[in-house]
Amino acid sequence: MTTTMPSLAIQQMATAKTCRFCGIGLQRTFVDLGMSPLCETYLSPADLNCGETYYPLHVYVCDKCFLVQLDEYESAENIFSDYAYFSSYSNSWLKHADNYCAKMHARFGLDEESFVVEVASNDGYLLQYFVQRDVPVLGIEPAANVARVAVEKGVPTLVRFFGAELAEELAVEGRCADLVLGNNVLAQVPDLNDFVEGLKILLKPEGVLTLEFPHLLQLIRLNEFDTIYHEHFSYFSLLTTIKIMEVHGLKVFDVEELRSHGGSLRVYACRAESRTHPIEPNVRKVLTDETQAGLDEMAGYDSFAQQVKETKFALVDFLLSAAMQGEKVVGYGAPGKSATLLHYCGIGKDLIEYTVDRSPYKQGRFLPGSRIPIYQPDRIQETKPRYVVILPWNLKDEIMEQLQYIREWGGSFVVPIPKVTVY
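So, here is what we can say about the structure in this document. (Residues numbered from 1 in each chain as written. Predicted model: local features only at pLDDT ≥ 70, side-chain atom pairs only at ≥ 80, totals over all residues. Heavy atoms only, no water.)

Topic: the environment of Glu408
And step 1. Among the structural elements, Glu408 can be located in the loop between helix H14 (396-402) and strand S16 (412-415).
And step 2. Sequence spacing of Glu408 and Val180 is 228 residues, and the spatial spacing of their C-alpha atoms is 47 Å. (Helix = DSSP H or I, 4+ residues; strand = E, 2+ residues; numbered from the N terminus.)

Some thoughts on the sheet that holds strand S2 (residues 55-61)
And step 1. Reading across from one edge, S1-S2-S3-S9 is the order of the four strands in this open sheet, with antiparallel pairing throughout. What marks the edges here is a single partner per strand, and that holds for strand S1 (28-36) and strand S9 (234-235).
And step 2. Pairing of S2 with strand S3 (residues 68-69) involves two bridges; the strand directions are antiparallel. Among the inter-strand pairings, Val61 is bridged to a residue of S3, identified as Val68.
And step 3. Helix H12 (residues 337-345) rests against S1 and S2 of the sheet, and its axis sits at about 85 degrees to S1. (Pairing = 2+ DSSP bridges. Contact = heavy atoms within 4.5 Å. Axes fitted to C-alpha atoms, helices over the stretch in contact; angles between N-to-C directions.)

Here we look at the pattern of salt bridges
And step 1. Evaluated as defined, the whole model comprises 20 salt bridges.
And step 2. With its nearest N and O atoms 2.8 Å apart, the salt bridge here joins Lys328 to Glu353. Here Lys328, found in the loop between helix H11 (304-324) and strand S12 (329-332), pairs with Glu353, found in the loop between H12 and strand S13 (355-356); they are 25 residues apart in sequence, far enough to count as distant.
And step 3. Classification of Glu353 by relative accessible area gives partly exposed; the value is 35%.
And step 4. Residues joined in a network through salt bridges with shared partners are Lys103, Glu212, Glu256 and Arg266. (Salt bridge = Lys/Arg side-chain N within 4 Å of Asp/Glu carboxyl O. Buried < 20%, exposed > 50% of the residue type's maximum accessible area, 1.4 Å probe, protein only.)

Focus: unusual backbone geometry
And step 1. With an omega of 5 degrees, the peptide bond running from Ile417 to Pro418 counts as cis.
And step 2. Among the secondary structure elements, Pro418 is positioned in the loop between S16 and strand S17 (421-422).
And step 3. Phi is positive for Ala120, close to 65 degrees, though the residue is something other than glycine.
And step 4. Looking at the element boundaries, Ala120 is found in the loop between strand S4 (116-119) and helix H4 (127-132).
And step 5. Notably, Arg371 is not glycine yet its phi reads approximately 55 degrees, a positive angle.
And step 6. Relative to the helices and strands, Arg371 resides in the loop between S13 and strand S14 (374-375).
And step 7. Assessed through its relative accessible area of 16%, Arg371 is described here as buried.

Rendered as structure tokens:
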């Protein structure tokens, strides 16, 4: 027996969602990327005869606070407790981390009497550089398999999810921090208000908070739709970030525009009552850029979905032409963003034969959904493909330098975002 729901009931179900920050109902679609599995669920050979769960990638924008967001289809515990991403496999990201530590050390006078806490500290990729400078640290990382690597590097790490409750525990123990940082974690938090409240609790009265996250303005400008996936619950402008911080008693006093991850912000904040950190001109500059792009009104969000369609058509057209000409096309990298790109564009092993990755954790496994096999990087030298599609396009310069040898047989690189480009 089949039951058909009235169209009005279906519409009500589709719109009965509320903003995870301000709580009003969500009505406006930012972009709908169809269905996709969780991006970090790499399959083993034994999994290939089993099904996979797909979830909607329907992204909304809040009419009130302009927070761009996805529903929470899987709990953070299920996604992050055993994680496949290890930050230390990117040389450029390690350099970025070292430069950050040097800058914070100098700007805020950190020394052996200071205390630094990183939330979502991964494999100790960043805190190791504070340890080298004799600055006491604590990492907080929910993925036990990743945290284990950090401990082996000499980075003390607490295997817990972060929120107000844990922050209160640390505060009671006298472990508030001079510097609290979180790189690429704010987007991965389903309970946004609890998380930000915890950050404030963890700060000393004159402590500093820094957060890095992909900049929504650049996501729109550069068409970075593949950075949208289920592990990223929210997407931030500075406009919205300031609203969130203010509600929780924090003041944004500085911001840097970074090239990492396709264009990110590094936001500096402190307790609202602090008089140590005046608001820097960079804050006004970025806010002006966002308002000029229309991010303070709904019109600024309307054209993104059409841009995404055009990129999809161009990439599929390129890969189909290469296949018809008998050219071998492979991938480089197995980043989380590849799941969104491949599923939205309908790309499988018929168009990209395999991909490679430096992470031993991913080698010998298969990309979720598309089931494209993941090999060691040496596979490219062995098979000599005509085209190598760089899936972590934000690292294209580093990867192209590593793989210059493909020029020996006439190989070329393909970068899919912001538009298909052959190098």
